[in-house]
Structures are given as C-alpha cells and as structure tokens.
Amino acid sequence: AQSVTQLGSHVSVSEGALVLLRCNYSSSVPPYLFWYVQYPNQGLQLLLKYTSAATLVKGINGFEAEFKKSETSFHLTKPSAHMSDAAEYFCAVSDRSAGNMLTFGGGTRLMVKP
Amino acid sequence: NAGVTQTPKFQVLKTGQSMTLQCAQDMNHNSMYWYRQDPGMGLRLIYYSASEGTTDKGEVPNGYNVSRLNKREFSLRLESAAPSQTSVYFCASSERGTGVYEQYFGPGTRLTVT
C-alpha cells in the first residue's frame, strides 16, 4: 500500500522568501511522484513529476523538487515566492500499475504575504 | 481542445435524492477517474476506469456507481444522496501504459446534500 504525508496543512511565507513544501511517501515499489497545484475554485494542474530520470526535477512557474530515496522525500521548493503562488499544493504517488492510480497527500495551503 | 469537462458545476440535493455527474474528455485517453475532495484529506479515489468497458472500485466507493459510456465519457451516480456525500467531485483522465502519465483534471462539481 502506498501513502503520502504532507507536513503542514498551512504554510505562510513573505513575498520573495523561499518556499518549502514537504512531502514524504511510502511505496512498495520505486515510485513515480507528482506535485499538483490547485488555485481557488479550479481543478488540479501538474507542476512537475519524478520519473527516475533525474533526482532534481524542474517544473512550471519556477518550482522544483528533489527526490531523496534515503529520506523517502520529494519536497517542493521555489527560491522566491510570488503573490500568484498562493494556492493549495498536493503531492501524489503513482502505483505504476496499468490503472495508473494516484494516492494523494492531504494538501498544503500556501499563503504569500506582501 | 477543452480537456476534461464536468457538468454541473454546482448542485444542491436533499437527502435521498439521486443525481448523475457527467464527465467527458477530448484527449483520447484510455483511463478515467472520479475523486472526491474534502478539507484536509486531499483527493480520494471513488472509482476508476482503466480502459473503455472496465470499471473498478477505488478507496471510497460506497454510495456511488459509475458508467463508462464510451471512451470519452465517464459518469458518476449517487442513487440516494446523504449529507456525508457533500464534497467537491473531480473527474480526471490519463494515458495508459508502462510510462509515467500524469492525470488531467476537470474543474470540479461542488455538491451539497442537505
């Protein structure tokens, strides 16, 4: 069985500060990992995905995430927060089956203060 | 190219009423999914369809039924709505195979059961 834990349901940063959103996973097979973002009253859109090609993955809007097998982590970072980054962020792990099912973490709401 | 569309956007039901949520995708994807989103719990899989003609239960299938009408359409039915089914429902679709395929999400249906 797979699971995803996102530490901190709410994170607040100042504009221009570093963004760090934490994700830890458990999986019985080498994982595929994803970060999605949800803006208010919208569906989820993909920020980035880890496919085992490289441990540091770059995504859209300046976000990146590093896969650390020894720590079973896939934390999301951005060097400088922008007001438009305020949203909810979800980490997810794929079961790598033909059904391609995802297990999501509980989400982290990012607030950006001016 | 509309991606994944869902109807309706909002719905209010009384306990015991029934309704069907509609979902369609125009990306020629094989796999489709229904999730519910509740605060602090991330997205939980209700049902999925790995390919046309097949459906399987996810994590929280009780109280729901699904129909994969054709490759494009996947509907979710609540036969007798309960207040515990108040939630935001998302449909998603993805390619299917041995690669790493992200899921594409619709805009959601916000359902309130009174």
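For the structure itself, look to the data block above.
Procedures and definitions
- Residues numbered from 1 in each chain as written.
- Chains lettered and ligands numbered in written order.
- Predicted model: local features only at pLDDT ≥ 70, side-chain atom pairs only at ≥ 80, totals over all residues.
- Heavy atoms only, no water.
- Buried < 20%, exposed > 50% of the residue type's maximum accessible area, 1.4 Å probe, protein only.
- Helix = DSSP H or I, 4+ residues; strand = E, 2+ residues; numbered from the N terminus.
- Pairing = 2+ DSSP bridges.
- Core = buried A, V, L, I, M, F, W, Y, C linked by side-chain atoms within 4.5 Å.
- Contact = heavy atoms within 4.5 Å.
- Salt bridge = Lys/Arg side-chain N within 4 Å of Asp/Glu carboxyl O.
- Buried area = accessible area lost by both parts, 1.4 Å probe.
- Polar contact = N/O pair within 3.5 Å; in protein donor to acceptor, adjacent residues only side chain to side chain.
- Nonpolar A, V, L, I, M, F, W, Y, C, P; charged D, E, K, R; others polar.

Enquirer: Explanation requested: the pairing of strand β8 (residues 74–78) of chain B in the structure shown.
Expert: Residues in a regular strand project their side chains so that they alternate between the two faces of the sheet. Residue and element names in this part refer to chain B. Buried residues dominate β8, accounting for four of its five residues. Bridge count between strand β3 (residues 19–25) and β8: three bridges; the pairing is antiparallel. Within the sheet, the bridge partner assigned to threonine 20 lies in β8 and is arginine 77. In sequence, strand β7 (residues 64–68) turns back onto β8 through a hairpin of five residues.

Enquirer: I tried to follow the nonpolar core on my own but got confused; where do I start?
Expert: One recurring pattern in soluble globular proteins is that nonpolar side chains are buried together. Core analysis: the largest hydrophobic core is formed by 27 residues, its most contacted members being Trp35, Phe74, Leu76 and Tyr89 of chain A. Sorting the residues of this core by element identifies β2 (10–14), β3 (19–21), β5 (32–38), β6 (44–50), β8 (64–68), β9 (73–78), β10 (87–94) and β12 (108–113) of chain A as the ones contributing at least two each. For tyrosine 89 of chain A, the residues in contact, after removing those within four places along its chain, are Gln6, Leu21, Trp35, Tyr36, Val37, Leu47, Phe63, Leu76, Gly107, Thr108 and Leu110 of chain A. Met32, Ile46, Tyr47 and Val66 of chain B belong to the second-largest nonpolar core, a separate cluster that totals 20 residues.

Enquirer: Any chance you could explain the pattern of salt bridges here in plain terms?
Expert: Under the defined criterion, the tally for this structure stands at seven salt bridges over all chains. In this structure, lysine 58 of chain A engages glutamate 64 of chain A in a salt bridge whose closest nitrogen and oxygen atoms are separated by 2.8 Å. Overall, glutamate 64 of chain A belongs to the partly exposed group, its relative accessible area being 24%. The salt bridge partner of lysine 78 of chain A is aspartate 85 of chain A, with a shortest N-O separation of 2.9 Å. For the pair formed by lysine 78 of chain A and aspartate 85 of chain A, the shared burial category is buried. Taken together, the shared-partner salt bridges in this structure form one network comprising Arg36, Asp38 and Arg44 of chain B.

Enquirer: What is the right way to look at the environment of valine 12 of chain B in this model?
Expert: Residues and elements named next belong to chain B. Looking at where valine 12 falls in the secondary structure, it is placed in strand β2 (residues 10–13). Residues valine 12 and threonine 86 lie 74 residues apart in sequence; the distance between their C-alpha atoms is 9.0 Å. Residues within four places of valine 12 in sequence aside, it is in contact with Thr112 and Thr114.

Enquirer: Mind showing me how you'd approach the side chain of glutamine 85 of chain B here?
Expert: Residue and element names in this part refer to chain B. Counting through the fold element by element, glutamine 85 comes out in the loop between β8 and β9 (87–94). On the accessibility criterion, glutamine 85 (5% relative accessible area) is buried. Residues contacting glutamine 85, with those up to four places away along its chain left out, are Arg36, Asn62, Gly63, Tyr64, Leu78, Ser80, Leu111 and Val113.

Enquirer: Help me understand the interface of chain B and chain A, please; the structure alone is not making it clear to me.
Expert: One widely used convention gives an interface's size as the accessible area the parts lose upon coming together. Taken together, the 25 residues of chain B in the interface contact 21 residues of chain A. Summing both partners gives a buried area of about 1700 Å² for chain B against chain A, and 55% of it is carried by carbon and sulfur. Between the two partners, chain B and chain A, sit one salt bridge. The salt bridge partner of glutamate 102 of chain B is lysine 49 of chain A, with a shortest N-O separation of 2.8 Å. Between chain B and chain A we count four residue pairs in polar contact (both at pLDDT 80 or more) in total. Broken down by secondary-structure element, the contributors of at least two residues to the side of chain B that touches chain A are β4 (31–37), β5 (43–49) and β9 of chain B. Take the side of chain B that touches chain A: its biggest share by element is four residues, from β4 of chain B. When its residues are assigned to classes, the side of chain B that touches chain A shows twelve nonpolar, nine polar and four charged.

None of the figures reported here should be taken as evidence of function without further support.
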